[in-house]
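Okay, here's what each chain looks like letter by letter:
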Amino acid sequence: MLKWAFGLPDAGAMRAQPIIADGRVFIASDNGTVYSIDHLSGCVHWSFDVGRPAVSAIVPATLKQSGRDVVLFGDFAANIYSLDSKTGRLLWKTSVDGHKYAKITGAPVLDPRGDRLYVPVSSWEEGIALASSTYECCTSTGSVVALDVANGGILWKTPTIPAPVKKIGKSSAGVQLYGPSGAGVWSSPTIDLKRNVLYVGTANGYSNVPDFGSSDAVIAFDLDTGKRKWSSQLLAGDHNCGSVDLSEEELDRKCPVLRWGPNDDVSGSPILQSLRDGTEILIAGQESGRITALNPENGAKVWVVQTGEDVGFPQGAGMGPASDGKYYYRPGAHSDGSGWMVALEPATGEIAWRTELPKPKACGALADDVCSAGVFGSATVIPGAVFAGGRDGVLRAYSTED
């Protein structure tokens, strides 16, 4: 039975998961507003106007020195905010990237020791390049930034590509092009205190030049210094420019140096998984549904399993896996409007069970990526059940056993 509902005015979407802390529900929205809502009544305690879309989940925290309760989040202009969680008052705001098209989509992650906040940075520059044949693409690079959670001061910042952007040629229209670029970090980093390492999954490149194995990769950084420790590329040569629907002539005009790849980003945060024998592996999934387990010590591949078939289908394997220690759960979507949920054995990658979701019967003129039983968002697991919402507007619960 419905307890309460809260409508977000002028919001095209709410892409971040709601977060519950201290009896309140915190949500961010495309309408540029962050809300603190009473979890029992749905009434608003406070709202904060960001002024631009905020799509990262809200992170609640208690400051180590002052004991103040705060909430932390990022926006579409690569700013990080700290608000008093009781009143919504702004405590600090920090810009973590000065590029015009940099943005934050993944939730920042608080170090369990309480003093640092790790921020993933991506950009939407490839979309700008697609819209304009005169745009000088591309100069943005993904990065990870460590902040002092007390005051927002930048402690270190490391780009995902360990080389500066430079001129790489001109288009047929004489437009200057740049690279290497891209390899944004769209999801939250994963902290490994045992190894003092931060893991991130990166997206496709923007320029068809070597990027040192940084795109479509899992990269490990030192927690204290930001030094890059290793990188394991899951798909090489995935550079995104234009559209698969463009003719060769249009591609040459817009993207003479750049070409369309399958766009098989590492989607969702890598999961550090303990196995029954005491060893650990790092599991990362791509948009095609390919799942890869890595050795967290050096990034070496342990196993690879393909759970989806639609390489290149936008966000085909969803953006968020889940784990309960027994299985690794991954939702996904097919290009025909159907979808799936799969559970993998972490030690071997063997599929423990798979549930197929048929395409909705009444789609009308809607495209399959809009009218779809597929899951494009995150899965959530509790003892006995894993939940995921399809794009057909249906929330489903699956038995974790079968």
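Coordinates for the structure precede this section.
These remarks concern the structure in this document.

The rules behind these values
- Residues numbered from 1 in each chain as written.
- Predicted model: local features only at pLDDT ≥ 70, side-chain atom pairs only at ≥ 80, totals over all residues.
- Heavy atoms only, no water.
- Helix = DSSP H or I, 4+ residues; strand = E, 2+ residues; numbered from the N terminus.
- Rg over C-alpha atoms; globule rule 2.2 N^0.38 Å.
- Buried < 20%, exposed > 50% of the residue type's maximum accessible area, 1.4 Å probe, protein only.
- Contact = heavy atoms within 4.5 Å.
- Areas by Shrake-Rupley, 256 points an atom, 1.4 Å probe, with all protein chains shown as cover.
- Salt bridge = Lys/Arg side-chain N within 4 Å of Asp/Glu carboxyl O.
- Lys, Arg positive; Asp, Glu negative; His and termini not counted.
- Polar contact = N/O pair within 3.5 Å; in protein donor to acceptor, adjacent residues only side chain to side chain.
- Pairing = 2+ DSSP bridges.
- Core = buried A, V, L, I, M, F, W, Y, C linked by side-chain atoms within 4.5 Å.
- Phe/Tyr/Trp six-rings, centres within 6.5 Å; stacked < 30°, edge-to-face > 60°.

Moving on to the overall build of the chain. Along its length, the chain carries 2 helices and 30 strands. A globule of 402 residues ought to have a C-alpha radius of gyration of about 21 Å, and the chain, at 21 Å, matches this closely. Its C-alpha atoms give the chain principal-axis dimensions of about 60 × 50 × 45 Å. Burial analysis of the chain (402 residues in total) assigns 56% to the buried set. Restricting to contacts in the chain with at least 6 residues of sequence separation, those with at least 24 account for 48%. Working note: accessible area of the chain is about 16800 Å², and carbon and sulfur atoms make up 53% of it.

In the structure shown here, the tally under the stated rule is 13 salt bridges. The closest approach of N and O atoms between D75 and R52, which form a salt bridge, is 3.3 Å. Note that D75 is positioned in the loop between β6 (69–74) and β7 (79–84) and R52 in the loop between β4 (44–49) and β5 (59–62), a separation of 23 residues in sequence. Classification of R52 by relative accessible area gives partly exposed; the value is 29%. The salt bridge partner of E297 is R195, with a shortest N-O separation of 3.0 Å. In this pair, E297 is assigned in the loop between β22 (290–294) and β23 (301–306) and R195 in the loop between β16 (190–192) and β17 (197–201), connecting sequence segments 102 residues apart. The exposure class assigned to R195 is buried, which follows from its relative accessible area of 15%. Within the structure, one salt-bridge network assembled from shared partners comprises D192, K194, R195, E280 and E297.

What follows deals with the side chain of D264. Locating D264 in the fold gives a position in the loop between α2 (248–254) and β20 (271–274). Although D264 is buried, it makes no salt bridge; R290 carries the closest opposite charge, 4.3 Å away. Engagement of the side chain of D264 in a polar contact is seen with the backbone nitrogen of E287, the distance being 3.0 Å. Within the structure, D264 has its side chain in polar contact with the backbone nitrogen of S288 (distance 2.7 Å).

Attention shifts here to the pairing of strand β8 (residues 90–95). Along any regular strand the residues' side chains alternate between the sheet's two faces. Bridge analysis of β7 against β8 gives 5 bridges, and the strand direction is antiparallel. Bridge pairing links N79 to S95 in β8. Where β7 folds back onto β8 in an antiparallel hairpin, the turn is made up of 5 residues, including G88, whose phi is positive at roughly 85°.

The topology assignment puts E126 in helix α1 (residues 125–131). A polar contact of 3.2 Å, which involves the side chain of E126, links it to the side chain of N204.

In a soluble, globular protein the nonpolar side chains are often hidden away together inside. One finds L72, I80, V96, L117, V119, V145 and L147 to be the most contacted residues of the largest nonpolar core, which totals 20 residues. Elements represented by at least two residues in this core include exactly β5, β6, β11 (116–123) and β12 (143–148). Here the element with the most residues in this core is β11; it accounts for 3 residues. When near neighbours in sequence (up to four residues on either side) are disregarded, V119 contacts I80, V96, I104, P108, S143, V144, V145 and L147.

Attention shifts here to the packing of aromatic side chains. A full pass over the atoms with the stated rule returns 11 aromatic pairs. Taking 5.2 Å as the distance between ring centres and 70° as the angle between the ring planes, the aromatic pair formed by F6 and Y35 counts as edge-to-face. In this pair, F6 sits in the segment before β1 (19–21) while Y35 sits in strand β3 (residues 33–38), placing the two residues 29 residues apart along the sequence. Geometrically, the ring pair formed by Y199 and W230 is tilted, given 5.9 Å between the ring centres and 40° between the ring planes. Placement of the pair is Y199 in strand β17 and W230 in strand β19 (residues 228–233), with a sequence separation of 31 residues.

Spatially, β24-β25-β26-β27 is the arrangement adopted by the 4 strands of the open sheet, whose pairing is antiparallel. The open sheet terminates on both sides in strands that have one partner only, identified here as β24 (322–323) and β27 (351–357). Relative to strand β25 (residues 328–333), β24 runs antiparallel, the two being bridged by 2 bridges. In the strand pairing of β25, S323 is matched with Y328.

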